[in-house]
Number of protein chains: 2
Amino acid sequence: MQPTGHGHMNRVVTLTDVARLAGVSVATASKALNGRDQVKDSTRARVQEAAARLSFSPNRLARGLLAGRSGTVGLLTSDLEGRFVLPILMGAEDAFGAGQVNVFLCDARGDTIRERYHLRALLGRRVDGLLVVGRQTDPRPSLGRDIGVPVVYAYAPSDDPADLSLVPDNIGAGRLAVEHLLACGRRRIAHVSGELVYSAARDRAQGARERLAQEGLELVGDVMYGEWSERWGRDATAMLLAQHPEVDAILCGSDQIARGALDTARDLHRTVPDDIAVMGFDNWEVLTTNARPELTSIDANLQQLGHTAAQRVFAALEGIDIGSGEQALPGRLVIRGSTVARQ
Amino acid sequence: MQPTGHGHMNRVVTLTDVARLAGVSVATASKALNGRDQVKDSTRARVQEAAARLSFSPNRLARGLLAGRSGTVGLLTSDLEGRFVLPILMGAEDAFGAGQVNVFLCDARGDTIRERYHLRALLGRRVDGLLVVGRQTDPRPSLGRDIGVPVVYAYAPSDDPADLSLVPDNIGAGRLAVEHLLACGRRRIAHVSGELVYSAARDRAQGARERLAQEGLELVGDVMYGEWSERWGRDATAMLLAQHPEVDAILCGSDQIARGALDTARDLHRTVPDDIAVMGFDNWEVLTTNARPELTSIDANLQQLGHTAAQRVFAALEGIDIGSGEQALPGRLVIRGSTVARQ
DNA sequence: AACGTCGCCGAAAAGGTTTTCTGAATGTAG
DNA sequence: CTACATTCAGAAAACCTTTTCGGCGACGTT
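As the structure is a prediction and not an experimental result, all values here were calculated from the model.

**Things to note about the packing of helix H7 (residues 170-183) of chain A against helix H8 (residues 199-214) of chain A**
All names here are of chain A.
Moving on, step 1. Contact pair H7 / H8: the axes reach a minimum separation of 6 Å and the direction vectors enclose 45°. Here H8 runs oblique to H7, going by the angle between their axes. Handedness of the crossing formed by H7 with H8: right-handed. On H8, the residues touching Asn170, Ile171, Gly174, Arg175, Val178, Glu179 and Leu182 of H7 are Ala200, Asp203, Arg204, Gln206, Gly207, Ala208, Glu210, Arg211, Leu212 and Gln214.
Moving on, step 2. Residue composition of the contact of H7 with H8, by class: 6 nonpolar, 5 polar and 6 charged.

**Some thoughts on the relation of the copies chain A and chain B**
Moving on, step 1. Taken as rigid bodies, chain A and chain B are interconverted by a rotation of 180° and an axial shift of 0.0 Å, the fit giving an RMSD of 0.1 Å. In short, the pair behaves as if placed about a two-fold rotation axis. No C-alpha of chain A approaches the rotation axis more nearly than that of phenylalanine 104 of chain A, which lies at 2.3 Å.

**As for empty space enclosed by the protein**
Moving on, step 1. Enumeration over the complete set of coordinates arrives at 8 cavities of 30 Å³ or more.
Moving on, step 2. Size it by volume and the largest cavity reaches roughly 130 Å³.
Moving on, step 3. In terms of lining residues, the largest cavity is bounded by 13 residues, among which Leu61 and Phe104 of chain A together with Leu61, Phe104 and Arg125 of chain B are the most central.
Moving on, step 4. Secondary-structure elements contributing two or more residues to the lining of the largest cavity are helix H4 (60-67) of chain A together with helix H4 (60-67) of chain B.
Moving on, step 5. No other element matches the 3 residues that H4 of chain B contributes to the lining of the largest cavity.
Moving on, step 6. A per-class count over the lining of the largest cavity returns 4 nonpolar, 5 polar and 4 charged.
Moving on, step 7. Each pocket or cavity is described by its volume, and for the second largest cavity that value is around 110 Å³.
Moving on, step 8. Forming the boundary of the second largest cavity are 13 residues, of which Leu262, Asp263, Arg266 and Arg292 of chain A together with Asp263 of chain B lie nearest the centre.
Moving on, step 9. Residue assignment for the lining of the second largest cavity shows that the elements contributing at least two residues are helix H10 (255-267) of chain A together with helix H10 (255-267) of chain B.
Moving on, step 10. If you tally residues by element for the lining of the second largest cavity, the top one is H10 of chain A, at 5 residues.
Moving on, step 11. A per-class count over the lining of the second largest cavity returns 2 nonpolar, 1 polar and 10 charged.

**A few points about the side chain of histidine 180 of chain B**
Residue and element names in this part refer to chain B.
Moving on, step 1. Considering the arrangement of structural elements, one finds histidine 180 in helix H7 (residues 170-183).
Moving on, step 2. According to the relative accessible area criterion, histidine 180 is buried, its value standing at 6%.
Moving on, step 3. Side-chain polar atoms of histidine 180 contact the side chain of threonine 339, separated by 2.8 Å.
Moving on, step 4. The contacts of histidine 180, once residues within four sequence positions are left out, are Met279, Thr296, Leu333, Ile335, Thr339 and Val340.

**Observations concerning the protein's contact with DNA strand D**
Moving on, step 1. Around DNA strand D, the structure places 25 residues, and the nearest of them are Ser25, Lys31 and Thr43 of chain A together with Thr14 and Leu15 of chain B.
Moving on, step 2. Each atom of DNA strand D within 4 Å of the protein was classed as base or backbone; sugar and phosphate made up 63%.
Moving on, step 3. Between serine 30 of chain B and DNA strand D, the recorded distance is 3.0 Å, taken from a side-chain N or O atom to a phosphate oxygen.
Moving on, step 4. Here a phosphate oxygen of DNA strand D and a side-chain polar atom of arginine 63 of chain B are 3.1 Å apart.

**A short note on the interface of chain A and chain B**
Moving on, step 1. On the chain B side, the residues contacting the 70 residues of chain A number 69 residues.
Moving on, step 2. When residues of chain A are sorted by the area they lose upon contact with chain B, Leu61, Arg125 and Arg126 of chain A head the list and together hold 13% of the total.
Moving on, step 3. Taken together, the links from chain A to chain B amount to 12 salt bridges.
Moving on, step 4. Between glutamate 230 of chain A and arginine 259 of chain B there is a salt bridge, and its shortest N-O distance comes to 2.3 Å.
Moving on, step 5. Between chain A and chain B we count 36 residue pairs in polar contact (both at pLDDT 80 or more) in total.

Conventions adopted
- Residues numbered from 1 in each chain as written.
- Chains lettered and ligands numbered in written order.
- Predicted model: local features only at pLDDT ≥ 70, side-chain atom pairs only at ≥ 80, totals over all residues.
- Heavy atoms only, no water.
- Axes fitted to C-alpha atoms, helices over the stretch in contact; angles between N-to-C directions.
- Helix = DSSP H or I, 4+ residues; strand = E, 2+ residues; numbered from the N terminus.
- Parallel < 35°, antiparallel > 145°, perpendicular 65-115°, else oblique.
- Left-handed = near helix turned anticlockwise from the far one by under 90°.
- Contact = heavy atoms within 4.5 Å.
- Nonpolar A, V, L, I, M, F, W, Y, C, P; charged D, E, K, R; others polar.
- Least-squares fit on C-alpha atoms with pLDDT ≥ 70 in both.
- 1 Å grid on protein atoms, 1.4 Å probe; cavity = no way out; pocket = protein on both sides within 12 Å on 5 of 7 lines; lining within 4 Å.
- Points joined across faces, edges and corners; volume = space filled by probe spheres on them.
- Buried < 20%, exposed > 50% of the residue type's maximum accessible area, 1.4 Å probe, protein only.
- Polar contact = N/O pair within 3.5 Å; in protein donor to acceptor, adjacent residues only side chain to side chain.
- Near = heavy atom within 4 Å.
- Buried area = accessible area lost by both parts, 1.4 Å probe.
- Salt bridge = Lys/Arg side-chain N within 4 Å of Asp/Glu carboxyl O.

Written as structure tokens, this is what we have:
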């Protein structure tokens, strides 16, 4: 074809070529390159040089076929769009890439049919393990027990307790948030959150209430469930401050909602944090570090969660029992100016 | 092991098993399942039933080894974190997934060493093609001409004109933005943008200037280059309005900057859009649809770009010449309340 | 009855690598 | 010089699927 152009067509170099150049058999070449003994040092050097000269890289298809394991894992997401999937994916890719494992990415886009289709494809590729990442913390249907490879669920837990699921600890996050507000001297705390159908919203509210109860306190008013949006944050905060002007802290179910709360507080000339403290969840840096004042938030450590999930898959590959059920990973408080005045 | 538990250990079913159950040879079984002729209908049915009963799925490693093509492509990103990579990735995954192709995801995290490492790994896996996605529109070093498989660069173009690169048309986007502001009756347009070192910032400014020149107009003041942040948008807008109170439109280099501009305008009691029009780039919905008023923006159609890039890789796999050089894909104007008062 | 044709199935090879086993050569001890 | 251990290289099988080619039986034709 094009001898100097992009040579898509030149046959790729195989172990046979290396062996021929080094003047040995393929068996010896293989052993030399894989560091097995029974090869004289001089021979090994010759083979290695030949491999380097031809820039040989072993065909992992053939290796996988023989070994019975491909050295790949499937990453099955229900929704790439979601803001929460990406950090998990990064953490997982990072953990896998450190080994010799490569990752197949599949996006089912919330469609069960497509999910089963991708599952079949991945199993056909003989992935050694599966990581299933959902977009909500609400349980999702299990892939089943007879997949043939270890499966770990991240963010969205499986509804089968025999599966292992890694989820963020939203109840703990709610407690942590209230803990911080209490430490800031706040006592009249209201909670504006997202949609009630999300267990993340309910869990955070529960954690918040529990921690308050521990001090003999209650939330000011009912939890205001609405949308996960800045707009709802603005509107809800306006209603809240009209009805309960005495609140000294607004715990928001997400950073977006908190941004809305900050806007409304500013509109109403309530100073943050002196007059009212505001905080959010998720620690979405684009939102938190550009807010006025910068926004205190609870980081769910999602990248860590992805990393841990990948390590669990790894462990399962090694034959180690990784347990089952839901394991909740703690969040982390990130303090900024919206709860603590900077000096 | 655990006969009823998660059976990771049970040998996976192979074509031989199917053939034995159906009482035919593996050759016949293969032909039956792959829809080739030379198989009696009744035999084919028997094989299909056997395959279904054993839930057989052919080993794509073996198939790939034989066919010389693996049916996979590598997606090499320089940075998963970036906001621009994800939509491209979605578009690409979508396009590939529609075929029989699966995608290996690799994140080099902006590190050249890691990139070469991943490249080797992907070539060892015998990917049929590569899609390289960068995080900036500035040129990046080519992977080289002798990869052995077709490569398409998306978002960040290759510095080798012999490679094919798909990039957003930022100059056109700048023109498009000014076009819209002119259509809204604005004549005194200022431009607040991000970091000068980004070609995206320079290109958009260039496009804006070109379109203004076409009307015999110029930007009000110099382009204000700064950070891609809300904070900079606020500060720059404050300076701008102090120095040039007569501006009737602020074109912002990103939606984040535009959000900052909106904030400052509100602080200074300048009404948007009646007094000043504001618009951004990128159409980041979280920011645009929650702004007050909602933010007009230019969408770079990144998902489309990823889709197109994937199709180019596909075409190259089919042996079709996909050309070379930079191909710029047009953006799309999304009109919202920050430039046009809603009736 | 002999022959050609057609439809269907199976044997075998190929793809690239790893591993096991055999065998050759060299060195060492008796 | 023989017996034996040791070191290193190669032959061959295995992994699973697809494809090619040969063969076999049935059928139709002369």
